[in-house]
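If you want the building blocks of each chain, they are given just below.
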Amino acid sequence: MEVTGDQRNRPPEAGQCRARLTVLYGSQTGTAEDLAQRIGREARRRLFECEVCALDELRPAALLDERLALFVVATTGQGDVPDNMAVTWRQLLRRDLPADSLRALRFGVIALGDSSYAKFNYVGKRLQKRLLQLGAAPLQPPALGDDQHDLGADAAVDPWLGDWWDKLDALWPLPDGWQLLPADRPPPARHTVRYLEENGSERAVETPPLPSGRHFVAKVRSNRRLTPEDHFQEVRLIGLDVSGADVTYRPGDVATVLPQNLAEETEQLLELLGWRPDQLVMVDGPRADLLPRPCSLRYLATHVLDIHAVPRRSLFELLAYFTESELEREKLTELSSAVGQEERFDYCDRPRRTTLEVLQDFWATARRLPLDLLLDMLPVIRERHFSIASSPKVHGGELQLLVAVVRYRSRLAAPRRGLCSTWLSRLPVGHSVTVSVRPGTLRFPAEPDRPVVMIGPGTGVAPFRSYIAEETAETDRPRPLCLFFGCRNQTADLFFGDEWQRLEDDNKLQLFCAFSRDQENKIYVQDRIREQAALVWRLVHAEGATICVAGSAKRMPEDVAAALQQVFAEQGDMSAEEAECYRHQLERQGRYQTETWS
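Calculation rules
Throughout this description, residue numbers start from 1 for each chain and increase along the sequence as written. The predicted origin of the model limits local features to residues at a pLDDT of at least 70 and limits the giving and counting of side-chain atom pairs to 80 or more, whereas totals for whole chains, interfaces and linings rest on all residues. Note: side-chain values were computed over all heavy atoms of the structure, leaving out hydrogens and water. Paired strands are those between which DSSP finds at least two bridges. Going along the chain from the N terminus, every DSSP run of H or I of four or more residues is numbered as a helix, and every run of E of two or more is numbered as a strand. Each axis is a line fitted through C-alpha atoms, taken for helices only over the stretch in contact, and angles between the N-to-C directions span 0 to 180 degrees. We call two residues in contact when some of their heavy atoms are within 4.5 Å. Each salt bridge in this description consists of a side-chain nitrogen of Lys or Arg and a carboxyl oxygen of Asp or Glu lying within 4 Å of one another. Three labels apply to residues, based on accessible area from a 1.4 Å probe with only protein chains included: buried if under 20% of the type maximum, exposed if over 50%, partly exposed otherwise in between.

1. Some details on the sheet that holds strand S20 (residues 509-515)
Moving on, step 1. What the five strands build is an open sheet, ordered S20-S19-S18-S21-S22; its pairing is parallel. Each edge of the open sheet is held by one strand with a lone partner, namely S20 and strand S22 (592-597). Direction aside, neighbouring strands of the sheet carry axes that sit 10 degrees apart on average.
Moving on, step 2. For strand S18 (residues 452-455) and strand S21 (residues 546-552), the ladder comprises four bridges, and the chain directions are parallel. Paired with Val452 across the strands is Thr546, a residue of S21.
Moving on, step 3. Along the sheet, helix H18 (residues 497-505) makes contact with strand S19 (481-487) and S20, crossing S20 at roughly 140 degrees.
Moving on, step 4. Docked against the sheet, helix H21 (residues 556-571) engages S18, S21 and S22, running at close to 150 degrees with respect to S21.

Here it is as structure tokens:
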């Protein structure tokens, strides 16, 4: 049959599609989910039927029926799977699955990780291997996104996706008479929003729903600054009253805290978007469980929309749909594209420009954004993780957090601030905080006589304070514990110095401090490790010590690893290669553990 020009330029009829693509994500902080949703929007524009969901939202055994799937998975902690793919991952690892279980599946894997961690993109790599073992056919090698790259994960993901769409176009060519949907057409909203009448009977519910059954509400019992007022870094010890909560924890566990937007930024958003704060809305859709019913627009601006984070590409995509300026549309379209990743990095990531600041830059367009698409395409506020600094035995019903308040300068006029740490620093006694407790990545030995070498500069000392307090509370250990601690000044940021002194006096602790700014030559924890080479080697090699490292993920973990390998080489008469292999062996045995954060 001949196809006319008019027929060739028309979109396919409703319900028609080239093929079905399922995009499955495992996401802990929302980054993998945001990328998966963006891929889903592009797939639908390219006329693929596409479902996007977390791996654990897939019905049991549904993966066996899939023919084309794209997995977007992050790695958390020390090679752990995100919470929302843990169940499906356990099912995939079952030994009774036949080797050809997924023989009908063609797939791709996008792995998101951070190369400063030892198990870089471990989940994505393991998933790729397991899918191959089950007979699935990869369309291309996995993408390995790296947060440490100047351009972030996009540097690897964008070219990979270009190849992916090319492969799908070759496998499922666009039929005659079909056209891709216009790139400037807004996607259908996944949420529906109903505005309630001002004089209606409904009343706002302002109590946040708990994110899960393991979350609870704790009251602030204490909030004390540990560093002097004139010190460059504000560090606080925050005590939360958990005496009435059904919660237990052990050294090495972490507490999650769900913050709120800062009050002044909430007011700026409400004014910018022209929202009436007490306007009530009923929201249905994927994020409806985060909201009370009904809720006010002030609640959305305070508790839900993450306006403090550096924006993702989806924000520029959303703004481009609704701008009335052709010049602005071209700029926004470029910023939301793979081609514009360097310019986007220079505009957003390098100066750490927030979502609110971007909306302020494009204020005229921001006022045109519909709430249903804002809920779709803006990230929600995520909980933050803190190593617990208290001991159940010593501190009873008070769970303590050691919090460095994030504040620094970029090229922008206003200082950059961390949302959660700034919010926590302002909380008065008695204020409510949504909290949960979960296992951390550090697992201390169960045997009381097994030594532990703890290396924790700055607030990295928090889990070790928990462990040391717990271990020295009631039992007499056969040998003192060993802690390497680093900070700038002995008088400014030697956290818990009085506690360490008492334990040293009682021969329960060996403390080696590195004060980097108290002398002309800077001294760091790795220098103290080299100075104590004989002790470290004896504890590790002869006495089977576990090494635990906690702190900033920038240079410290690599510098500490290099110092330890130097100790192993010199004290154990090894080559550099043998010393590195020895450290990796300790890691496989669970005797070299790290907990670091960016």
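Anyway, onward from the coordinates.
2. Side note on the pattern of salt bridges
Moving on, step 1. Applying the stated criterion to the full structure yields 43 salt bridges.
Moving on, step 2. Its salt-bridge partner being Glu66, residue Arg20 comes within 3.7 Å of it at the nearest N-O pair. Of this pair, Arg20 sits in strand S1 (residues 20-26) while Glu66 sits in the loop between strand S2 (49-54) and strand S3 (68-74), and the two are 46 residues apart along the sequence.
Moving on, step 3. Exposure remark for Arg20: the relative accessible area of 34% places this residue in the partly exposed category.
Moving on, step 4. Asp158 is paired through a salt bridge with Arg313; the nearest N and O atoms lie 2.6 Å apart. Pair noted here: Asp158 is in helix H5 (residues 154-171) and Arg313 is in helix H8 (residues 313-322), with a separation of 155 residues, a long-range link.
Moving on, step 5. Classification of Asp158 by relative accessible area gives buried; the value is 8%.
Moving on, step 6. One salt-bridge network, in which partners are shared between bridges, spans Arg18, Glu42, Arg45, Arg46 and Asp169.

Interpretation in functional terms is not warranted from these geometric data alone.
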